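Observations on the model geometry
Residues per chain are reported as follows:
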Amino acid sequence: MPDRIVIVGGGTAGWMTASYLKAAFDDRVQVTVVESDRIGTIGVGEATFSDIRHFFAYLGLEESDWMPACNATYKLAVRFQDWREPGHHFYHPFEQMRSVEGFPLTDWWLRGGPTDRFDRDCFLMASLCDAERSPRRLDGSLLGRDVPEGVAESNALTMSEHQGKTQFPYAYHFEAAKLAQYLCGYAVDRGVRHVVDDVVHVALDSRGWVDHVVTKEHGELHGDLFVDCTGFRGVLINQALGEPFQSFQDTLPNDSAVALQVPLDMEARGIRPCTTATAREAGWIWTIPLFGRIGTGYVYARDYLSPEDAERALREFVGLEAEHVEANHIRMRIGRSRRSWVNNCVAVGLSSGFVEPLESTGIFFIHHAIEQLVKFFPGDDWDLSLRDLYNEAVGHVMDGVREFLALHYRAAARNDTQYWRDAKVRALPDGMEERLERWLTHLPDSETIYPYYHGLPPYSYACVLLGMGGLPLRHSPALDLIDDTAARKQFEQIRDRADELARTLPNQYEYFAQFR
Ligand SMILES: Cc1cc2nc3c(=O)[nH]c(=O)nc-3n(C[C@H](O)[C@H](O)[C@H](O)COP(=O)(O)OP(=O)(O)OC[C@H]3O[C@@H](n4cnc5c(N)ncnc54)[C@H](O)[C@@H]3O)c2cc1C
Ligand SMILES: N[C@@H](Cc1c[nH]c2cc(Cl)ccc12)C(=O)O
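Residues numbered from 1 in each chain as written. Chains lettered and ligands numbered in written order. Predicted model: local features only at pLDDT ≥ 70, side-chain atom pairs only at ≥ 80, totals over all residues. Heavy atoms only, no water.

1. With respect to the overall build of the protein
Worth spelling out the cut-off: Secondary structure elements follow DSSP: runs of H or I no shorter than four residues count as helices, runs of E no shorter than two count as strands, and numbering proceeds from the N terminus. Only the C-alpha atoms count toward the radius of gyration. The rule for a globule is 2.2 Å times the residue count to the power 0.38. Using a 1.4 Å probe on the protein chains alone, a residue whose accessible area is under 20% of its type maximum counts as buried, one over 50% counts as exposed, and one in between counts as partly exposed.
Across its full length, the protein holds 17 helices and 24 strands. For the protein, whose C-alpha radius of gyration is 23 Å, the value lies close to the compact-globule estimate of 24 Å for 516 residues. Its C-alpha atoms give the protein principal-axis dimensions of roughly 70 × 50 × 50 Å. In the protein, which comprises 516 residues, the share counted as buried stands at 59%.

In structure tokens, the structure reads:
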């Protein structure tokens, strides 16, 4: 069996992979992580999908084990600010879409919702975000008793097996660098060898497979399977094995970011239970509230804005609190390696692919890749089908997310700068134009979105279309022929329940302060 695994890179990807493989295969595999202390990681304050709870559950970790160590907070939604026009906001929440008479509530809302806020009318989470509530009460119970926690009883190996069945109501914000550190401790405790050194050469055998990697001070590291977690460099997959990188730049032009970590008095300021993405002149600014500080950054396209102007705009946005904080400029490689698994090398994380962090998909890509690696782990004969299945699954996830992100720009009503005007006419990924055409007459459903698993349910697309406000949408004509009493009752119930929750749940600061 290929049981000697060498992971090159110790960022989020490297340590998530090491700890997961140990949880899966225990001492039946030998795992080594080699990471440079000279080349830094991309550790900004990060936001996740709710599915990451399956990752922690797989490792046997509770929130109380890892959250305090990573300054983590809850995320109930992404708040899109100013994408339609200045002052407007809407949420993309973690919440199961309700349906009435077989039609999603958003469709009923289009026919005639009670207010002009589809998000507050159709989802509880939008009101909880506006009221800045924690999803848990001080005794730890979740919202009401009506939300199933549902990890323990499930025996599914992968996230895709959960999709559509339930929707967990929150995800997390955390410091990625601290999570990597925490998982390093977890992995090393379970026997992972940790080598701090630079890989200076990747030695291939006569077939072009990785034979070993050469380090500066620790000699050669031999293995059967090599995992490339070297970030945008793609030291093994792209540099040594020559696998081409396919850029998504034609459809997603943002290629840069400038980030700041800003310590703040969270007691005075509060901790918003959502990621905020605020549209700006040539991109958007993320605000990720952590316990004790916020992570913020401007994601922009260099074709429209210089790094200096981006930093200036970001500092203006944040205000005086960031005065003495140093900015971190990052060049982003947007797209994916044509194949993420080549011969005996599997790329996980930024080396495999990346899209701008608008919907917090980076860590989801990693989690998904690791699940697939376990599912399609090679045997002695390195059966090609397993590798192909892996590459197809990983490729579909990134291609699907690419479409979902492209939709944000096409649908945004904002058109005050050249950047936003160009966004309306920019090319869409192959096949998406036809799909979009259909979504305008019938809100997206599982039959009409990107046809392979990519982590995003149809209601996420509906939220973006309804919230961005730049495209004309129509309700299903059938709704004009169906009694709307049940739909109106549903809207009322949501409003009443949201009011009650907003009155009775604590705020996030109160919730997390009790553990300090
Ligand atoms: C601006 C920005 C914002 C983001 N926001 C989010 C978000 O909100 N949510 C989310 O889910 N994801 C987000 N991501 C993605 C997320 O940061 C990454 O997916 C995640 O951190 C994984 O990075 P990585 O481990 O692949 O690479 P890196 O963090 O770059 O780590 C690379 C590792 O490889 C090592 N290395 C490189 N070369 C060598 C060598 N020759 N020898 C030895 N070691 C080497 C380095 O030392 C390092 O340990 C964001 C990314 C960017 C760029
Ligand atoms: N599987 C993802 C999909 C998802 C459902 N709702 C949201 C909202 C946001 Cl902001 C991101 C992602 C999602 C998950 O459940 O996490």
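More follows now that the structure is in view.
2. Describing the site of ligand 2
Under the convention used in this document: If a single non-hydrogen atom of a residue is within 4 Å of a molecule or strand, that residue counts as near it. For the purposes of these results, a polar contact is taken to be a pair of N or O atoms within 3.5 Å, where, inside protein, one atom must be able to donate a hydrogen and its partner to accept one; residues adjacent in sequence count only when each atom of the pair is a side-chain atom. The Shrake-Rupley method, run with a 1.4 Å probe, gives the accessible areas here. Residue values count only the displayed protein chains as cover. Polar here means any residue other than Ala, Val, Leu, Ile, Met, Phe, Trp, Tyr, Cys and Pro, which are nonpolar, and Asp, Glu, Lys and Arg, which are charged; Gly is therefore polar.
Close to ligand 2 lie 13 residues, the nearest being S50, D51, Q167, G455 and Y459. Take D51: an N or O atom from its side chain is 2.5 Å from a nitrogen atom of ligand 2. Here G455 contributes a backbone N or O atom positioned 2.9 Å from a nitrogen atom of ligand 2. About the coverage of ligand 2: the protein hides 98% of its 380 Å² of free accessible area. Its residues placed into classes, the shell around ligand 2 shows six nonpolar, five polar and two charged.

3. Regarding the site of ligand 1
Lining the immediate environment of ligand 1, one finds 32 residues, of which I39, I42, E46, A47 and I363 sit closest. Separating an oxygen atom of ligand 1 from a backbone N or O atom of G11 is a distance of 3.4 Å. T12 has a polar side-chain atom sitting 3.0 Å from an oxygen atom of ligand 1. Protein contacts shield 97% of the accessible area of ligand 1, which totals 1,000 Å² for the unbound molecule. Those elements that provide at least two residues to the shell around ligand 1 are α1 (12–25), β3 (45–47), β18 (283–289) and α11 (362–375). For the shell around ligand 1, the leading source of residues is α11, giving three residues. Counted by class, the shell around ligand 1 contains 16 nonpolar, 11 polar and five charged residues.

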